[in-house]
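Given next are the chains, with one letter for each unit.
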Amino acid sequence: MQRVRTSKQWFAVIAAGLALAGAVAVAAPKAGSTVTVRVMSAKVMKSPKFIGPAAGSVSRGDQLTIAEIKGDWYRVTGAKTGWINRTSVVDGKVALSSSPGGGGAASRDEVELAGRGFTPDVEEEYRGKHPDLDFSHVEAIEKTGVDLSELGAFVEEGGLGGDQ
Amino acid sequence: MRRALVLAAMLVLGSCKVQLTPEGLAKTWDAITDAQKELTPENEYWTGRSVATNLLARHEYRYHDADALQAGRLDGATAYVSAVGGVLAASAMETTRKGDRPAPIAGWHFTIVESDTINAFAAPGGWVFVTTAAIDAAESEDELAAVLAHEIAHVVRGHALGSIKKGRWANVAKTALDTSVQLDEASLGELTQVFEGAMDDMIDGILVKGYSKDTEYEADRVGLEIMVHAGYDPQALVRYLKTLDAEQGGGGGGFQATHPKASDRISKIQGKAQELGKVEIPKVRFARFQAAVEAL
């Protein structure tokens, strides 16, 4: 007897098929894959944790090769060797500039990754319409980030840390 | 999976014609996500700078250790608050939930705003602000951590971005959202208009009207998880809320205008805090907190 599927059933079948296709198309990163640093700067750590000794710094656009994966951490080689958290990188080789989302001379990769919406061009337009707003404060503060790798003594002295 | 479900829904319901090729599917997905405007970390970065500037402007750009910050250094009480915030930010990155935005592109920034009104607020992209009065109201590093963790929770859960009214995107043409075409003047104008409206929505949520009660309860809950994972005393949140409760009705501004009643927040979070137990706070944490507060 021929089985007639309802719309709801077709929905489930197509969704399952597409989910499978998606899973194949977007392969999880593995040893040997390349990742690109997405954040402006990040510390490559000597062990897979945010607070502790760093092996060095990497910048947005630097490309690293995964040697090992442990949870959310990748042991990488390349510009620096050590551990970097997956939240700081994007999978694959991507041409990224130091200005997130690019601007006039943004690479195709940069624009694709940033998507459209709120970009440096939009901020420039907005600033032009609001000359009363003084962006120099956020631009200065932005350059003073908290260096998590240097908080080891603060954590130890205060009896903090837990699993960190 | 959501991508698949949305596409499947469109196919089944026949709301549009879709070429069943990988390229066709990808283009359709791009159109859908454009319409939904899921802002990327890069978009969040550019949004956050303008929100943060607006928030500082409303406080006449008065913030602590300004000279050091302008010179590119963290100093004084700002260095201390940034250290506490940094430990919490690391904790937030280690305790991520689905949909979290735990790693701002330009890192986390913690600024002490000079104000007699007890308040703390945050902008997308890792900008956390706490007023001098809010620090004065705290009696320990752990209570300060409770305040900062609540704000970090707002950022990682994308609460400000979520307050942008969805209808703002309705009049934006597809060409303004298509990353494959050069942005022309008209498209840039459309996006800037959305940006203007989005600023109003976010500042309303952050500083004027506040988020929904449920959003604030979520920030309390997530903030509690973040601070406890970092090693802070979960009871410190309840203690700080009791201080706020005593302040409630004092003037109506600051946290009172943007948050549910402190007594309601205590009722919601107290059980969870009790479950998590109590941490004996080492004397050194009290001592360094006192030293930092004296510098204010």
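Everything numeric here is computed off the predicted structure, so don't read it as measured data.

J.: I'd like to hear about the overall build of chain A, residue by residue, with values.
T.: Within chain A one finds 5 helices and 7 strands. Counting from the amino terminus, helix and strand elements in chain A follow one another as α-β-β-β-β-β-β-β-α-α-α-α. Residues classed as buried in chain A amount to 41% of the 164 residues present. Summarising the internal contacts of chain A: among those between residues at least 6 apart in sequence, 50% fall at separations of at least 24. Surface exposure of chain A reaches about 8500 Å², of which carbon and sulfur atoms provide 52%.

J.: Residues and numbers for unusual backbone geometry, please.
T.: All names here are of chain B. If you check the backbone angles, Glu-60 has positive phi at about 55 degrees while not being a glycine. The phi angle at Tyr-61 is positive, at roughly 55 degrees, despite the residue not being glycine. Structurally, the position occupied by Tyr-61 is in the loop between α3 (41-57) and α4 (66-70).

J.: So what's going on with the side chain of His229(B)? Which residues, and what values?
T.: With respect to the helices and strands, the residue His229(B) is situated in helix α11 (residues 213-230). Separated by 2.9 Å, the side chains of His229(B) and Glu94(B) make a polar contact.

J.: Can you tell me about the domain arrangement of chain B, naming the residues and giving the values?
T.: All names here are of chain B. Each domain of chain B was delimited in the assignment, giving domain 1 (2-37 + 164-206) and domain 2 (61-161 + 211-294). Summed over both partners, the interface of domain 1 with domain 2 comes to about 540 Å²; 62% of that surface belongs to carbon and sulfur atoms. Linking domain 1 with domain 2 are 0 salt bridges, by the criterion used here. Taken together, domain 1 and domain 2 are joined by 2 residue pairs in polar contact (both at pLDDT 80 or more). Class assignment for the residues of the side of domain 1 that touches domain 2 results in 3 nonpolar, 1 polar and no charged.

J.: So what about the interface of chain B and chain A? Which residues, and what values?
T.: Facing 81 residues of chain B, the contacting portion of chain A comprises 63 residues. Summing the contributions of chain B and of chain A, the shared interface buries around 6100 Å²; its carbon and sulfur component is 66%. Across the contact surface, chain B and chain A share 6 salt bridges. Arg49(B) is paired through a salt bridge with Glu142(A); the nearest N and O atoms lie 3.4 Å apart. The interface formed by chain B and chain A contains 19 residue pairs in polar contact (both at pLDDT 80 or more). Among the elements that line the side of chain B that touches chain A, the one with the most residues is α3(B), at 13 residues. Class assignment of the residues belonging to the side of chain B that touches chain A gives a composition of 50 nonpolar, 21 polar and 10 charged.

J.: Run through helix α5 (residues 76-94) of chain B, naming residues and quoting values.
T.: Across its 19 residues, α5(B) extends 28 Å between first and last C-alpha, which sits within 8% of the 27 Å expected from 1.5 Å per residue. The buried fraction of α5(B) is high, at 16 of 19 residues.

J.: Before we move on, could you go through a negative patch on the surface and cite the residues and values that matter?
T.: Together, Glu124(A), Glu125(A), Asp184(B) and Glu185(B) make up a region of like negative charge exposed at the surface. Position of Glu185(B) among the secondary structure elements: in helix α10 (residues 185-208). Given a relative accessible area of 75%, Glu185(B) falls into the exposed group.

J.: Quick one: what's the story with the confidence of the model for chain A, residue by residue and with numbers?
T.: The share of residues in chain A with pLDDT of 70 or more is 79%, and the mean pLDDT across the chain is 82. Across residues 1-26 of chain A the pLDDT falls below 50, and counting only partners more than four positions away or on other chains, this stretch makes 23 contacts in the model.

J.: So, the packing of aromatic side chains: which residues are in play, and what are the values?
T.: The full count for this structure, using the stated rule, is 9 aromatic pairs over all chains. A cation over an aromatic ring shows up here: Arg288(B) above the ring of Phe154(A), its NZ or CZ 3.6 Å from the ring centre.

J.: Let's hear about the pattern of salt bridges: which residues, and what values?
T.: Residue and element names in this part refer to chain A. Across all of its chains, the model carries 27 salt bridges over all chains by this definition. A salt bridge links Asp-147 to Lys-43; the shortest N-O distance between them is 2.4 Å. Residue Asp-147 is located in the loop between α4 (136-142) and α5 (152-157), and its partner Lys-43 is located in strand β2 (residues 41-45); the two are separated by 104 residues in the primary sequence. The partly exposed category is assigned to Asp-147, whose relative accessible area is 23%. For Lys-43, a relative accessible area of 26% puts it in the partly exposed group.

What counts and how
Going along each chain's sequence as written, the residues are numbered from 1 onward. As they are written, the chains are lettered A onward and the ligands numbered 1 onward, keeping that order. Under the rules for a predicted model, residues below a pLDDT of 70 receive no local features and side-chain atom pairs below 80 are neither given nor counted, while totals for whole chains, interfaces and linings still include all residues. As a convention, hydrogens and water are excluded, and side-chain values are obtained from all of the structure's heavy atoms. Runs of E in the DSSP output that reach at least two residues are strands. Runs of H or I that reach at least four are helices, and both are numbered from the N terminus. Burial status follows relative accessibility: with a 1.4 Å probe on protein chains alone, a residue under 20% of its type maximum counts as buried, one over 50% as exposed, and anything between as partly exposed. By the convention used here, residues are in contact when the closest approach between their heavy atoms is within 4.5 Å. Each accessible area value is a Shrake-Rupley result obtained with a 1.4 Å probe; residue values ignore everything except the protein chains displayed when judging cover. Within 3.5 Å is the distance limit for a polar contact, defined as a pair of N or O atoms, with the added protein rule that one can donate a hydrogen and the other accept it, and that residues adjacent in sequence qualify only through two side-chain atoms. These domain boundaries are the output of an automatic or database domain assignment. By buried area we mean the combined loss of accessible area, with a 1.4 Å probe, across both parts when two parts are placed together. Only one rule defines a salt bridge in this text: a Lys or Arg side-chain nitrogen within 4 Å of an Asp or Glu carboxyl oxygen. Only Asp, Glu, Lys and Arg are considered charged in this grouping, and only Ala, Val, Leu, Ile, Met, Phe, Trp, Tyr, Cys and Pro are considered nonpolar; every other residue, Gly among them, is considered polar. To estimate the expected span of a helix, count its residues, drop one, and scale the result by 1.5 Å. Here, patches come from residues exposed beyond 30% relative accessible area and free of salt bridges, joined within 9 Å for like charges and within 5 Å for nonpolar side chains (Val, Leu, Ile, Met, Phe, Trp, Tyr). Residues counted as positive are Lys and Arg, residues counted as negative are Asp and Glu, and His and the chain ends are not counted. To locate a charge, take NZ of a lysine, CZ of an arginine, CG of an aspartate or CD of a glutamate. Values of pLDDT, ranging from 0 to 100, describe the predictor's confidence in every residue of the model. Stacked, edge-to-face and tilted are the three classes for Phe, Tyr and Trp ring pairs, Trp counted by its six-membered ring, which pair at centre distances within 6.5 Å; planes under 30 degrees apart are stacked, over 60 edge-to-face, the rest tilted. Only Lys NZ and Arg CZ are tested; either one counts as a charge over a ring when it is within 6 Å of the ring centre and within 35 degrees of the ring normal.

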